Amino acid sequence: MLLQDTIPMPNIPTRTLCDRLAPYACYAMVLLYGPKVQDTINELETLYNRITVFKTKSPADLIWSFSTIQNGKGAVVRIAGLETEIVKKWLKQALLSIESIIGTDVYRQALA
């Protein structure tokens, strides 16, 4: 079967993109790669490995995932939040260690 092929599914309502992504309204993906951001990668990996997942009655304000790439030389961080400000606040804290690499002005401009 090709990806272009579709199988008609009777009696299954089509959900809109908004419905499928609910309740999160803001999404971000960060790619980190190279020796200059290795400390940041290590910090995020440690933080991610400490996460414990429990069933909850309502969704969390923010969820995130972490995956290494290229044998740990890089990482992909995906974030979803109920609001933009929640995601920005998390990114600002999580990426604090790259401020010295990219410069204070660029860091503040991107995450202020």
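Higher on the page you've got the structure.
Heads up: these notes are all about the structure in this document. None of the values given here were measured: they were computed from a predicted structure.

**Structural notes on the packing of aromatic side chains**
On inspection of all chains with the given rule, the structure shows 3 aromatic pairs. Residues Tyr-48 and Trp-64 carry aromatic rings whose centres are separated by 5.2 Å and whose planes lie at 70° to one another, so their mutual orientation is edge-to-face. With Tyr-48 in helix H2 (residues 38–49) and Trp-64 in strand E2 (residues 62–69), this residue pair connects regions lying 16 residues apart in the sequence. Judged by centre distance (4.8 Å) and plane angle (45°), the ring pair of Trp-64 and Trp-90 falls under tilted. Of the two residues, Trp-64 is situated in strand E2 and Trp-90 in helix H3 (residues 84–94); the sequence distance between them amounts to 26 residues. Note on Trp-90: relative accessible area 17%, which makes it buried. Taken together through their ring pairs, the aromatic side chains of Tyr-48, Trp-64, Phe-66 and Trp-90 make up a single cluster.

Conventions and cut-offs
Every chain is numbered on its own, with residues counted from 1 as its sequence reads. Only residues with pLDDT of 70 or above have their local features reported here, since the model is predicted, and side-chain atom pairs are shown and tallied only from 80 upward, although totals for entire chains, interfaces and linings are computed over all residues. The side-chain quantities take in all heavy atoms of the structure and omit both hydrogens and water. Only the six-membered ring of Trp is used, alongside the rings of Phe and Tyr, when aromatic pairs are assigned; centres must lie within 6.5 Å, and planes under 30 degrees apart are stacked while those over 60 apart are edge-to-face, with the rest tilted. A helix here means a DSSP run of H or I that spans at least four residues, while a strand means a run of E at least two residues long, and both kinds are numbered starting from the N terminus. Note on exposure labels: buried denotes an accessible area under 20% of the residue type's maximum, exposed denotes more than 50%, and partly exposed covers the range between, all computed with a 1.4 Å probe on protein chains only.

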